[in-house]
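Now for the letters of each chain:
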Amino acid sequence: MMNKKIGIMMASLAALAASAAQGAIQLDGGSSVSGSITNANGGRDISDSYALTDGGSAVSLAIGETFNMGFTIQTLSVDTNTPLGTKIGYGGTGWALNDGLKLGFGDGAQALALQFQLKDFNPKLQLGGDSAATSAGDFKFESGSAEITSAGLTNAEKLKFVGDTATFNLTVDHTAANTFDMTLDWGGWEANYAYTSTVDMASVSDFYVRINDLDVNLGYEITIIPGQPTSTNPPVGNVEFAADWEFRDGSSNMAVLASSADGFSVEMTNSLATNDKRFMYQMDANSFDAPFQVGETATWSFTAGAGSTMAFNAESAGLQGSMWDSGIESDNAVSFQIDWGAVDTVYMRLGSDSVSGPADIGSVAGAVDSVGTPSTVINGIGQSADFVISMTRTSLTDVVAIMSYDDLSVTNDLTISANMDSLNELGFRFRQTDDNALIISNMKLVISNPNFEGYDSWATDNGLTAGVNDGLGYDAENGGLGDGMNNLLEYALGGDPLVDDADVYLPKSEVNGGFLHHVYNRQNPADPKLTYTVLDGTDLVTGGLDNTNTSETVSAVANGFETVTNTVSTATEGKQFMKLKVELAD
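Because the structure is a prediction, the values reported are computed rather than measured.

Caption draft 1: Seen up close, the overall build of the protein chain. Assigned secondary structure in the protein chain consists of three helices and 41 strands. Counting the 586 residues in the protein chain, one finds 49% classified as buried. Relative to all contacts within the protein chain whose residues are 6 or more apart in sequence, the contacts with residues 24 or more apart total 69%. Counting only carbon and sulfur atoms, one obtains 47% of the accessible surface of the protein chain, whose full area is about 23,500 Å².

Caption draft 2: Structural view of the pairing of strand β37 (residues 530-539). Most of β37 sits inside the fold, with seven of its ten residues counted as buried. Both β37 and strand β41 (residues 577-584) contribute to a ladder of eight bridges, which runs antiparallel. Looking across to β41, one finds that Val-534 is bridged to Leu-580.

Caption draft 3: Just the packing of aromatic side chains, in detail. Enumeration according to the criterion identifies 20 aromatic pairs in this entry. Aromatic side chains Trp-300 and Phe-428 sit 5.7 Å apart centroid to centroid with 55° between the ring planes, which places their arrangement in the tilted category. Of this pair, Trp-300 sits in strand β24 (residues 297-306) while Phe-428 sits in strand β33 (residues 425-430), placing them 128 residues apart in sequence. Residues Phe-302 and Phe-428 carry aromatic rings whose centres are separated by 5.1 Å and whose planes lie at 80° to one another, so their mutual orientation is edge-to-face. In this pair, Phe-302 sits in strand β24 while Phe-428 sits in strand β33, placing the two residues 126 residues apart along the sequence. A connected cluster of aromatic rings, assembled from ring pairs, spans Phe-67, Phe-71, Phe-105, Phe-116, Phe-168, Trp-186 and Phe-207.

Caption draft 4: Focus on the confidence of the model for the protein chain. Mean pLDDT over the protein chain: 76, with 73% of residues reaching 70 or higher. The secondary structure element of the protein chain with the lowest average pLDDT is strand β1 (residues 3-6), at 28, and the one with the highest is helix α2 (residues 487-493), at 94.

Caption draft 5: Representation of the side chain of Asp-164. Along the chain, the position of Asp-164 falls in the loop between β10 (143-148) and β11 (165-176). Reaching out from Asp-164, the side chain makes a polar contact with the backbone nitrogen of Phe-161 at a distance of 2.8 Å. In this view, Asp-164 contacts Ile-73, Gln-74, Thr-75 and Leu-159; residues no more than four positions away in its chain are not counted.

Caption draft 6: Region of interest: unusual backbone geometry. Phi at Asp-406 takes a positive value of approximately 55°, unusual for a residue other than glycine. On the secondary structure map, Asp-406 appears in the loop between β30 (398-405) and β31 (408-415). By relative accessible area, Asp-406 is classed as partly exposed at 40%. Unlike most non-glycine residues, Asn-442 shows phi in positive territory, near 55°.

Caption draft 7: Up close: the sheet that holds strand β39 (residues 551-554). In space, the four strands of this open sheet follow the order β35-β36-β40-β39, with antiparallel pairing throughout. Two strands in the sheet have a free side with no partner beyond their single neighbour: β35 (508-512) and β39. Here the strands of the sheet are splayed against their neighbours by 25° on average, with no regard to which way each runs. Bridging between β35 and strand β36 (residues 515-523) involves five bridges; their strand directions are antiparallel. Each residue of the ladder has a partner; that of Val-511, found in β36, is Leu-516.

Caption draft 8: Focus on the nonpolar core. Ranked by internal contacts, the top residues of the largest apolar core, which has 46 residues, are Phe-67, Phe-105, Leu-114, Phe-116 and Ile-222. When sequence neighbours within four positions are dropped, the list of residues in contact with Phe-105 reads Leu-52, Phe-67, Met-69, Phe-71, Ala-111, Leu-112, Leu-114, Leu-170, Met-201, Val-204, Asp-206 and Phe-207. Counting 45 residues, the second largest nonpolar core, distinct from the first, contains Ala-290, Ala-304, Ile-389 and Tyr-405.

Cut-offs and rules
- Starting from 1, residues in each chain are numbered consecutively following that chain's sequence as written.
- Totals for whole chains, interfaces and linings use every residue, but because this is a predicted model, local features are given only for residues with pLDDT of at least 70 and side-chain atom pairs only at 80 or more, for both listing and counting.
- Only hydrogens and water are removed before side-chain values are computed, so all heavy atoms of the structure are retained for them.
- Secondary structure elements are taken from DSSP: a helix is a run of H or I of four residues or more, a strand is a run of E of two residues or more, and numbering for both begins at the N terminus.
- Exposure categories follow from relative accessible area, calculated using a 1.4 Å probe and restricted to protein chains: below 20% of the type maximum is buried, above 50% is exposed, and the middle band is partly exposed.
- Two residues qualify as a contact provided that any one of their heavy atoms is within 4.5 Å of a heavy atom in the partner residue.
- Note on areas: these come from Shrake-Rupley sampling with a 1.4 Å probe, and a residue is covered only by the protein chains present in the view.
- Criterion used throughout: strands pair if DSSP finds at least two bridges between them.
- Any Phe, Tyr or Trp ring, taking Trp's six-membered ring, that has another such ring centre within 6.5 Å forms a pair; planes under 30 degrees apart are called stacked, those over 60 apart edge-to-face, and the others tilted.
- Residue-level confidence of the predictor is what pLDDT reports, using numbers from 0 through 100.
- Here a polar contact is recorded for every N or O atom pair within 3.5 Å, except that within protein the pair must consist of a potential hydrogen donor and a potential acceptor, and residues adjacent in sequence are included only if both atoms are side-chain atoms.
- Axis definition: a line fit to C-alpha positions, over the contact stretch in the case of helices; interaxial angles, taken between N-to-C directions, run 0 to 180 degrees.
- Throughout, nonpolar core names a set of buried Ala, Val, Leu, Ile, Met, Phe, Trp, Tyr and Cys residues whose side chains join them through atoms within 4.5 Å.

Take a look at the structure:
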C-alpha cells in the first residue's frame, strides 16, 4: 500500500482521462491488402471486403468506446494500358460518378460509410451509414451529412491519377445506443457527423471498398497506418440497486429489507404453500442498466438463506435465478438452478435460456451440472450460503459463466444468440410448497474489465520511463524536483506527471456559508485498486482525523473524472481540518 496526504486549497478543477490501447488494427491479418480489375469495355465496379481485426479478433465498438483507424488508399497500375500517371475516370476527366469512391467499416450487417464525390477532381465528402451492408457487392451509402469541399486539400491527395495516394484518419465514438460520432481527417480536411443507426454496431469486423464505373484498368492497395489504437473502457465498478422490485405472485408476502451500494436484501414468504414464487428486478421498468462489453466480466454475488420457519429441502431446483438483457428476448440470459440434498445428487445447474417473462426465470438450457455435495446445504432454519456467478463476455455472442457455491464450482461456455451488450434485469424463482421464507441478501453486481491495465498503462501513455521515474512516489517535474504531486496523485486526480500542474489538480478548500468545503477530482469509472478517503477533524496534534463528519456531493462525469465536494460544518468549531488520502492497492 502507498498513500499520500494532501493539504487543502480552493481553485477550479480540470480532468484528464487515461485510456489503454487495445492494439493495432489489421486487414485480413496483415497491414495491407490490394485488389484490381481490368475493364477494357468500361462501366465496371471494383468492390471487395476484408476482415478487420485487432490482434486476430473483431474490433470492439461498444457504447463508450472509440474506434480509431489510420489508413492509406493508393490507385495502382494493373497492365500496360493503365500506366502510372493515367488520369482516372471517363475520358480522363475525372471519376465517373459523384459517389465514385466509397469506404465502409461494418459488422457484416451494417456499416459506417465514407462517400467521396471525386468527379472532375473537385472532391466532396460525406459521412453516414449503410443499414444493409452484408457484403462489398451491396455496400452503398444511404444517409449522411457533413459534406465538405476541397478547400485545404492538396493536389497530391486528390486521387487524380493512377499511382496517387491519399491518407485518412477515422475516429468513431460510440456515444450512446445506436449513435456514432464520426470524424474523418483527409489531408487537412475534417468532417464530423453524428450518425444514428437502427441497430447498435457493437464491433467492427469488415472493411468495404467500392469504386463505381471506371473506364480504366485500375487496381488499389489499402494500407493500415501502424500505431492507431482503439480505446478500452476502464472498469465500471459496483452497480447500485434501488428498492424497486417486482413481485409476480400476490399470494406471497415479500418485502425489501435493505438497499445500499454494499448490497441488497429481500425476503419472501410462502404462507399459502404455492410452489412458484417469483421476484425480479426489474422486468418492465428498469432501475439499473450496466453496460456489458466484450472483454468485460460481470460478477453477480448474493447470499441465500432460510427464513425463521423454513425447512428448505422439499423440492428439486428449490432456488432458481437469471440475469439478462431485457432488450433481447432470445437466449439472452445466464440462468441457474440449485437443489438441496433431499431430491437428487445434482446440486447446481448453470446454463442459458430466454427470459421473455417471469415464468422463464431460472429456466436453464444447455446446462452443465456440478457433481458432489457442498459443505453447506441449506436445509434447516437459519442456514445460508454464499453464491457467486462470474460472467465474462468473450465475444459478441459468447459468454463464459462460472458459478461457485461454497466448495462447489461449475463452468459453462454459453452461446447467446443476440448481443448481450448490457445487463439490466435479474430475478429469482422460489419453488417450495412448505410454509417457509427465503432471504436473498448481500447481493452485488460488479462490472470490471480484466484487460484494464491501470497505473502501469497510464504511466507509459504519459511518457514515464519504466524503472526510472514511473514509481508511485516519484515526482518527475522540474528535473526531478517535482511539483508537489507524486505519480500516484497525478494518476488519481487527473494530472500530467511531466507537467507542473499541481495548482490545477491538487484538492482545494474554502469556508463559505458556515461550512468548510473540500473539492477534489476522482476517477469515474475508477481503477478498482484506488481508494479515496476524505478525513476531517478539529485537532491535528492529539485528536487525529477521521471521516465521520463530512457530507459529499458529486458532479456529473466529464472526460473520465467527477468533481467531489466534501463539506463539514464550522458552526460549533472555529477550527476545522480536512485532507484527502489516496491509496493504490498492490
